[in-house]
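As a plain string of letters, each chain reads:
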Amino acid sequence: MTKASDEMAATALYVRESGRPGGPATARLKILLGHLQGPAATAIAAYPTSAANISSSYHPQQFQYTLDNNVLTLEQRQFYEDNGFLVIKNLVPEADIQRYRNQFERICRKEVAPIGLQIMKDVTIAKSEFHADEKAVTKIQDFQSDEELFSYCTNPQIIKYVECFTGPNIMAMHTMLINKPPDSGKKTSRHPFHQDLHYFPFRPSNSIVCAWTAMEHIDRNNGCLVVIPGTHKGTLKPHDYPKWEGGVNIMFHGIQDYDANQPRTHLVMEKGDTVFFHPLLIHGSGRNKTQGFRKAISCHFASSNCYYTDVKGTSQEIIEKELQNLLEKKYGISKIPLKKRIVGRELL
Ligand SMILES: CCCCCCCCCC(=O)SCCNC(=O)CCNC(=O)[C@H](O)C(C)(C)COP(=O)(O)OP(=O)(O)OC[C@H]1O[C@@H](n2cnc3c(N)ncnc32)[C@H](O)[C@@H]1OP(=O)(O)O
Ligand SMILES: Nc1ncnc2c1ncn2[C@@H]1O[C@H](COP(=O)(O)OP(=O)(O)OP(=O)(O)O)[C@@H](O)[C@H]1O
Ligand SMILES: O=C(O)CCC(=O)C(=O)O
Ligand SMILES: [Fe+2]
Ligand SMILES: [Mg+2]
């Protein structure tokens, strides 16, 4: 694959937003390729593979979900192995979080418009005539082209931990800043229980990890993350929209047949605390019962050794179809497979 076609694939998402491909920001974005294709493969070859990493582990049998690089204590490794998540307290400095907050506000005020950025509104607001500024934005996605927000993904403190799960050659695959609004009374501020892998057309799942950082104190009052420990050991479950009376946000698919009796853990976190979790871990977030907009920033990282998969004929086909229909309706663009829409950015 040539450099030009590589970039064309990588900018597929951006073409429809900005009306023009390329440009300095997109030139630095690369699609995550299978390890046999394209220029990304050159970069990959310079690094040890994650397989090599696993085999150099002191605990090859014992540990399946973490790598041996002397960052995690034995207890921390064991905790992630058993539970599928790990909270690191006070990881991201307050000054950095203030920068993300300021940039988010600039984006909401439309002072900056990063290429490829998706702005999501709460369903209650999206379906009404009310279009205020940041109060209408429930989350932004795909901020990989925004240097200010992307500095979250390159934060050395974050990367140090990410490497424990992905190995050293890392791609930032999906980014979000979530601005959970006060619940309107319809419970639409909830995020149903789901597995993030449902949205991702690449594997293996053990080489993917989400970092999610609280931008303020978050507890059950303003809708904390809720996890079902140990569920990362299961398989990807079928997802669809939950049948909630008050409505559900677009693309907020949930697991249909989850066991409501499984014990949940509510993650109470302070500003800067960061949870790393496996893409099969079942999680969601509760209602925001406060008047504030609850903020968190997150990135899904993957090893560059991951490869894209075709979701056709799998339980993930539903999200691909939904995105294709949306694009067709909104922009008249014909069918783009999911694997062409999730664009990673290499951490250089
Ligand atoms: C990743 C871990 C899991 C996290 C969950 C997030 C899922 C992540 C999945 C992906 O990211 S897949 C990878 C690629 N990502 C994307 O393609 C981003 C998809 N997002 C979008 O395309 C736009 O952000 C979206 C269409 C959702 C909103 O864009 P706009 O604000 O320009 O849309 P617009 O206002 O024109 O609304 C389009 C339709 O959606 C409706 N809509 C918008 N926001 C809504 C909402 N929140 N709830 C329900 N409906 C909503 C809106 O009413 C309208 O419906 P109608 O055509 O029937 O009028
Ligand atoms: N029927 C359901 N289907 C899928 N997920 C659900 C369902 N009911 C609740 N959840 C999810 O359970 C998680 C936590 O629920 P929790 O009970 O803590 O929050 P809440 O119902 O919003 O608030 P609270 O119970 O504290 O008043 C959230 O991720 C929520 O979206
Ligand atoms: O509510 C949150 O902050 C988490 C949402 C979430 O899990 C997701 O978008 O995948
Ligand atoms: Fe999620
Ligand atoms: Mg509840």
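Everything below is about the structure printed above this text.
Everything in this summary refers to the structure shown in the same document. What you are looking at is a predicted structure, and each value in this text was computed from that prediction instead of being measured. (Residues numbered from 1 in each chain as written. Chains lettered and ligands numbered in written order. Predicted model: local features only at pLDDT ≥ 70, side-chain atom pairs only at ≥ 80, totals over all residues. Heavy atoms only, no water.)

With that out of the way, let us pick up the overall build of the protein chain. Within the protein chain, the regular secondary structure consists of 11 helices and 16 strands. Going through the 348 residues of the protein chain one by one, you find that 54% of them count as buried. Once local pairs closer than 6 in sequence are excluded, the contacts in the protein chain between residues at least 24 apart make up 81%. Entry remark: accessible area of the protein chain is about 15,500 Å², with carbon and sulfur atoms responsible for 53%. (Helix = DSSP H or I, 4+ residues; strand = E, 2+ residues; numbered from the N terminus. Buried < 20%, exposed > 50% of the residue type's maximum accessible area, 1.4 Å probe, protein only. Contact = heavy atoms within 4.5 Å. Areas by Shrake-Rupley, 256 points an atom, 1.4 Å probe, with all protein chains shown as cover.)

This paragraph deals with the site of ligand 2. Close to ligand 2 lie 15 residues, the nearest being H191, R220, H266, S285 and R287. Interatomic distance of 2.8 Å between a backbone N/O atom of H191 and an oxygen atom of ligand 2. Between ligand 2 and S285, the relevant distance is 2.8 Å, taken from an oxygen atom to a main-chain nitrogen or oxygen of the residue. Summarising the interface, the protein chains cover 79% of the accessible area of ligand 2, which totals 610 Å² for the free molecule. Secondary-structure elements contributing two or more residues to the shell around ligand 2 are β5 (191-194) and β13 (283-285). Here the shell around ligand 2 is built from residues that sort into 5 nonpolar, 5 polar and 5 charged. (Near = heavy atom within 4 Å. Polar contact = N/O pair within 3.5 Å; in protein donor to acceptor, adjacent residues only side chain to side chain. Nonpolar A, V, L, I, M, F, W, Y, C, P; charged D, E, K, R; others polar.)

This part is about the nonpolar core. Within the largest apolar cluster, 37 residues are counted, with the highest numbers of intra-cluster contacts made by Y100, Y152, I158, L177, F276 and F301. Counting residues per element, the ones that place at least two in this core are β1 (85-88), α7 (94-108), β3 (137-141), α9 (147-154), α10 (156-166), β4 (170-180), β7 (208-214) and β14 (294-303). In this structure, M171, Y199, F202 and M251 belong to the second largest nonpolar core, which totals 18 residues. (Core = buried A, V, L, I, M, F, W, Y, C linked by side-chain atoms within 4.5 Å.)

Here we come to the environment of F165. You can see F165 is positioned in helix α10. In this structure F165 touches Y65, T66, L67, L72, Y80, N206, S207, V209 and F276, once residues within four positions along its chain are discounted.

To continue, consider a positive patch on the surface. On the surface, a cluster of positive charge is made up of K187, R220, R264, R287 and K289. Mapping R287 onto the fold places it in the loop between β13 and β14. The class of R287 is partly exposed, set by a relative accessible area of 32%. (Patch = residues over 30% accessible without salt bridge, like charges linked within 9 Å, V, L, I, M, F, W, Y side chains within 5 Å. Salt bridge = Lys/Arg side-chain N within 4 Å of Asp/Glu carboxyl O. Lys, Arg positive; Asp, Glu negative; His and termini not counted. Charge placed at Lys NZ, Arg CZ, Asp CG, Glu CD.)

Right, let's talk about the packing of aromatic side chains for a bit. All chains considered together, the criterion is met by 8 aromatic pairs. Where F200 meets F202, the ring centres are 5.2 Å apart and the plane angle is 25°; that geometry is what we call stacked. Residue F200 shares its accessibility class with F202, and that shared class is buried. Aromatic rings pair up to connect Y80, Y161, F165 and F276 into one cluster. Seen from the ring of W244, R190 lies directly overhead, with NZ or CZ sitting 4.0 Å from the centre. (Phe/Tyr/Trp six-rings, centres within 6.5 Å; stacked < 30°, edge-to-face > 60°. Lys NZ or Arg CZ within 6 Å of the ring centre and 35° of its normal.)

Let's shift gears to the sheet that holds β5. As summarised here, the arrangement of the 4 strands in space is β5-β13-β8-β11, forming an open sheet in which the pairing is antiparallel. Edge positions in the open sheet fall to β5 and β11 (265-267), since each of these has one partner strand only. In this sheet, neighbouring strand axes are inclined to one another by 20° on average, regardless of whether the strands run parallel or antiparallel. Note: strand β8 (residues 225-227) against β11, 3 bridges, orientation antiparallel. By the bridge assignment for β11, V226 is matched with H266. (Pairing = 2+ DSSP bridges. Axes fitted to C-alpha atoms, helices over the stretch in contact; angles between N-to-C directions.)

The topology assignment puts S145 in the loop between β3 and α9. Looking at S145, the relative accessible area reads 13%, which means it is buried. Engagement of the side chain of S145 in a polar contact is seen with the backbone oxygen of I115, the distance being 2.7 Å.

Taken together, the protein ligands of the iron ion (ligand 4) are H194 (NE2), D196 (OD) and H283 (NE2), with distances of 2.1 to 2.2 Å. Sequence spacing of the donors to the iron ion (ligand 4): H-x1-D-x86-H. In this pair, H194 is assigned in strand β5 and H283 in strand β13, connecting sequence segments 89 residues apart. (Donors = N, O, S within 2.8 Å, 3.2 Å for Na, K, Ca; no water.)

One turn of an α-helix holds 3.6 residues; hence residues three or four places apart share an orientation. Buried residues of α10: I158, I159, Y161, V162, C164, F165 and T166, and no others. Of the residues flanking the end of α10, it is G167, one or two places downstream, whose phi is positive at about 85°.

What follows concerns the environment of D196. In this fold, D196 is placed in the loop between β5 and β6 (202-203). Under the relative-accessibility criterion, D196 is labelled buried at 7%. In sequence terms D196 and I282 are 86 residues apart; their C-alpha atoms lie 8.1 Å from each other. Not counting residues within four places of it along the chain, the set of residues in contact with D196 comprises F277, P279, H283 and H300.

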